[in-house]
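Architecture at a glance
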Amino acid sequence: MSTSSQPQFRYTQTPSKVLHLRNLPWECAEEELVELCKPFGKIVNTKCNVGANRNQAFVEFADLNQAISMVSYYASSSEPAQIRGKTVYIQYSNRHEIVNNKSPADTPGNVLLVTIEGVEPNEVTIETIHLVFSAFGFVHKIATFEKAAGFQALIQFTDAETASSARNALDGRSIPRYLLPDHVTSCYLRISYSAHTDLNIKFQSHRSRDYTNPYLPVNPTAMEGLMQPVVGPDGKKQEPQSNVLLASIENMQYAVTVDVLHTVFSAFGTVQKIAIFEKNGGTQALIQYPDVTTAAVAKESLEGHCIYDGGYCKLHLSYSRHTDLIVKAYSDKSRDYTISAPSFATQIPGMPAAPNVWHNLQGVPAHHGTDYSASSAIQAQPPAGQIPAWDPNFQARPPYESAPGQTYQASSVPSYVNPATPPGSSPSSQVGASSMSMQQQPWANVRQGGAPEPGQPPHGQ
DNA sequence: AGCACA
């Protein structure tokens, strides 16, 4: 009973001016479909990225004969229909028109609507957006704003061709990680077309730019945005250094006290002041060193590492804009060691000493479900090659595949890892050392060199 | 490699 109800074969299907195409390359662009089909007639509609794999499409010709000519051409051709080298299978659709649900978002224009997922608006500067999208052509204007969909940007190119090349290359991809604050783990771009053709930018500000009119007035209330980290000529983020570090503490399962922070950060030099505060529902701390060099060493060494074994209380460090903290000399959230007895540096009240707490990350399963698979997709297609290699070592670490969270971390943590290198000695010679050794060497080894005994976290509870 | 507003 079932055999007679099986789907029909191609040659028994009734012709339709709508063709069904399958086995397309992933997210095949409409332009590619049109390129393939237009020799046979006028295309009046398309529907792309159909099916679970988004590798099917429909093309509707103006006339039935045009569809027939295409099907019969490839039925007898020795060369199969191909897009990007993949054989495309063509047959008549079982419908006779494409229901047109095309939104303006799918209609190419010179202005892109970009939704930047997974970041706070202040974490992606307009310079970063400009840098990424300039790889495809001259960016005329950028306007950023916050909507329910998240942080969004309108990006105006010269023409729809340039815009679509940017869209095709970047949609679903992530902004390179080194252009983002260290604690941002993923940041995906969702790109559609805007119905705008010309953005009306009133001011140069941290939210909007008109690159065609550099003399546009700067919005005075938006000036602070211009003071954000700048992108240098090499495309690297250039954070202004500071003797004060801003630490964001991720996955804070255990209390992080001033004393714990003091112990951790004292491994790299004298800690002058510490302040702990809450921001955006997370815990942050400012740690003041006497000089920028010490802060830089601490930052490089500790970035991405966890205070406690098991991925707890993971540190993300950046430079603060502050240079001298004004803090209460002694409170549960702050400490000023410059006016306290120096014995504070080694005496930690309420913190029984135990040497066994500075575990490394080895064998710790990934504690985030984050999937970084898209990062390799990026690697395959950086925007027009303007941006240097994402991470040449990324693919070469099979042991890390079961722990993507750490893979990524390791690849982006150029901390010095040689246990023979005490804190304070030149970190630059160790930058870029294999993250393999980092995985095997507990970061606590960094402490070798006479750091005070660490406090006992509530490990194992 | 086999049909789309869900």
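- The name given to chain A in an unreviewed UniProt entry is Polypyrimidine tract-binding protein 1, POLYPYRIMIDINE TRACT-BINDING PROTEIN 1, and the organism recorded there is Hibiscus trionum.
- Database annotation for chain A, UniProt heading Function (unreviewed entry): "Plays a role in pre-mRNA splicing. Binds to the polypyrimidine tract of introns. May promote the binding of U2 snRNP to pre-mRNA."
- Under the heading Subcellular location (unreviewed entry), UniProt records this for chain A: "Nucleus".

Some points on the confidence of the model for chain A
- Scored by pLDDT, chain A has a mean of 74; 66% of the residues are at 70 or more.
- Note on residues 223-230: pLDDT under 50 across the span, and 17 contacts to partners over four residues away in sequence or across chains.

Description of the packing of aromatic side chains
- The final tally for this structure, using the stated rule, is five aromatic pairs.
- Following the ring pairs from residue to residue traces out a cluster consisting of Phe 40, Tyr 73 and Tyr 74.

Section: unusual backbone geometry
- Backbone geometry at Asn 49 places phi at a positive 55°, although glycine is not the residue there.
- Here Asn 49 is to be found in strand E2 (residues 43-50).
- Of note, Cys 313 is a non-glycine position whose phi angle comes to about 55°, a positive value.
- By relative accessible area, Cys 313 is classed as buried at 0%.

Describing the pairing of strand E8 (residues 139-147)
- The buried fraction of E8 amounts to seven of the nine residues, a majority that puts the element mostly inside the structure.
- Sheet analysis places E8 next to strand E9 (residues 150-157), joined by eight bridges and oriented antiparallel. Along E9, the bridge assignment pairs Phe 145 with Gln 152.
- Taken together, E8 and the strand that follows it, E9, pair antiparallel across an intervening segment of two residues.
- Relative to strand E11 (residues 208-210), E8 is paired through three bridges, and the arrangement is antiparallel. Looking at the pairing, Lys 141 lines up with Asp 210 of E11.

So, helix H1 (residues 30-37)
- By the burial criterion, the buried members of H1 are Leu 33, Leu 36 and Cys 37. End-on view of H1: buried residues confined to an arc of 85°, all on one side of the axis.

Quick notes on the sheet that holds strand E15 (residues 273-279)
- The strand order across the open sheet formed by six strands is E17-E18-E14-E16-E15-E19, and the pairing between neighbours is antiparallel. Either end of the sheet is taken by a strand with one partner, and the two such strands are strand E17 (306-308) and strand E19 (334-336). When the angles between neighbouring strand axes are averaged without regard to direction, this sheet yields 25°.
- As paired elements, E17 and strand E18 (residues 312-319) share two bridges and run antiparallel to each other. Bridging from a neighbouring strand, Tyr 308 pairs with Tyr 312 of E18.

As for the sheet that holds E2
- Strand order in this open sheet of four strands is E2-E3-E1-E6, and the pairing throughout is antiparallel. What marks the edges here is a single partner per strand, and that holds for E2 and strand E6 (89-92). In this sheet, adjacent strand axes meet at a mean angle of 20° when their direction is disregarded.
- Two elements, E2 and strand E3 (residues 56-61), share five bridges in a ladder whose sense is antiparallel. What sits directly across from Thr 46, in E3, is Val 59.
- Strands in contact with H1 are strand E1 (18-22), E2 and E3; relative to E2, the strand with the most contacts, it is inclined by about 130°.
- Sitting on the sheet, helix H2 (residues 64-76) is in contact with E1, E3 and E6, with an inclination near 140° to E6.

Quick notes on the protein's contact with DNA strand B
- Close contacts around DNA strand B come from 20 residues, with Gln 13, Arg 22, Asn 23, Gln 91 and Arg 95 the closest.
- Here the atoms of DNA strand B within 4 Å of the protein split so that 31% fall in sugar or phosphate, with bases taking the remainder.
- Here a base nitrogen of DNA strand B sits 2.3 Å away from a polar atom, N or O, in the side chain of Arg 22.
- The side chain of Asn 94 places a nitrogen or oxygen atom 3.0 Å from a base oxygen of DNA strand B.
- Breaking the surface near DNA strand B down by element, the ones donating at least two residues are E1, E2, E3 and E6.
- Ranked by residues supplied to the surface near DNA strand B, first place goes to E6 with three residues.
- Grouping the constituent residues of the surface near DNA strand B by class yields six nonpolar, nine polar and five charged.

Observations regarding the pattern of salt bridges
- Under the criterion given, the structure shown has 11 salt bridges.
- Lys 141 is paired through a salt bridge with Asp 198; the nearest N and O atoms lie 2.9 Å apart. Pair noted here: Lys 141 is in strand E8 and Asp 198 is in the loop between strand E10 (188-193) and E11, with a separation of 57 residues, a long-range link.
- Judged by its relative accessible area of 10%, Lys 141 falls in the buried class.
- Note that Asp 171 is salt-bridged to Arg 167, the shortest N-O span being 3.8 Å.
- If you follow the salt bridges from partner to partner, you end up with Lys 273, Asp 324 and Asp 336 in one network.

About the thresholds
- Position numbers for residues start from 1 in each chain and track the written sequence from start to end.
- Numbering of ligands from 1 and lettering of chains from A proceed in the order in which they are written.
- Reporting in this predicted model follows two pLDDT cut-offs: at least 70 for local features of residues, and 80 or more for side-chain atom pairs to be given and counted; totals over whole chains, interfaces and linings ignore these cut-offs and use all residues.
- Only hydrogens and water are set aside; all other atoms, that is, all heavy atoms of the structure, feed into the side-chain values.
- UniProt positions are given in the numbering used here, feature names are shortened, and annotations may be inferred rather than shown by experiment.
- pLDDT runs from 0 to 100 and stands for how confident the predictor is about each residue.
- In what follows, a contact means two residues having at least one pair of non-hydrogen atoms within 4.5 Å.
- Stacked, tilted and edge-to-face are the three classes assigned to paired rings of Phe, Tyr and Trp, where Trp is represented by its six-membered ring and a pair needs centres within 6.5 Å; plane angles under 30 degrees give stacked, over 60 edge-to-face, the rest tilted.
- Only DSSP runs of H or I with at least four residues qualify as helices, and only runs of E with at least two residues qualify as strands; both kinds are numbered from the N terminus onward.
- Buried, partly exposed and exposed residues are distinguished by accessible area as a fraction of the type maximum, computed with a 1.4 Å probe on protein chains only: under 20%, between the cut-offs, and over 50%, respectively.
- A pair of strands is considered paired only if DSSP assigns at least 2 bridges between the two.
- The arc in question is traced by the directions running from the helix axis to the C-beta atoms.
- Interaxial angle, 0 to 180 degrees, is taken between N-to-C directions of lines fitted to C-alpha atoms, where a helix line uses only the stretch in contact.
- We call a residue near a given molecule or strand whenever any one of its heavy atoms falls within 4 Å of it.
- Any pair of nitrogen or oxygen atoms within 3.5 Å is treated as a polar contact; in protein, a donor-acceptor pairing is required on top of that, and neighbouring residues in sequence qualify only through side-chain atoms on both sides.
- Note that Gly is not counted as nonpolar here; it falls among the polar residues with everything else outside the nonpolar set of Ala, Val, Leu, Ile, Met, Phe, Trp, Tyr, Cys and Pro and the charged set of Asp, Glu, Lys and Arg.
- Salt bridges are defined by distance alone: a side-chain nitrogen of Lys or Arg within 4 Å of a carboxyl oxygen of Asp or Glu.

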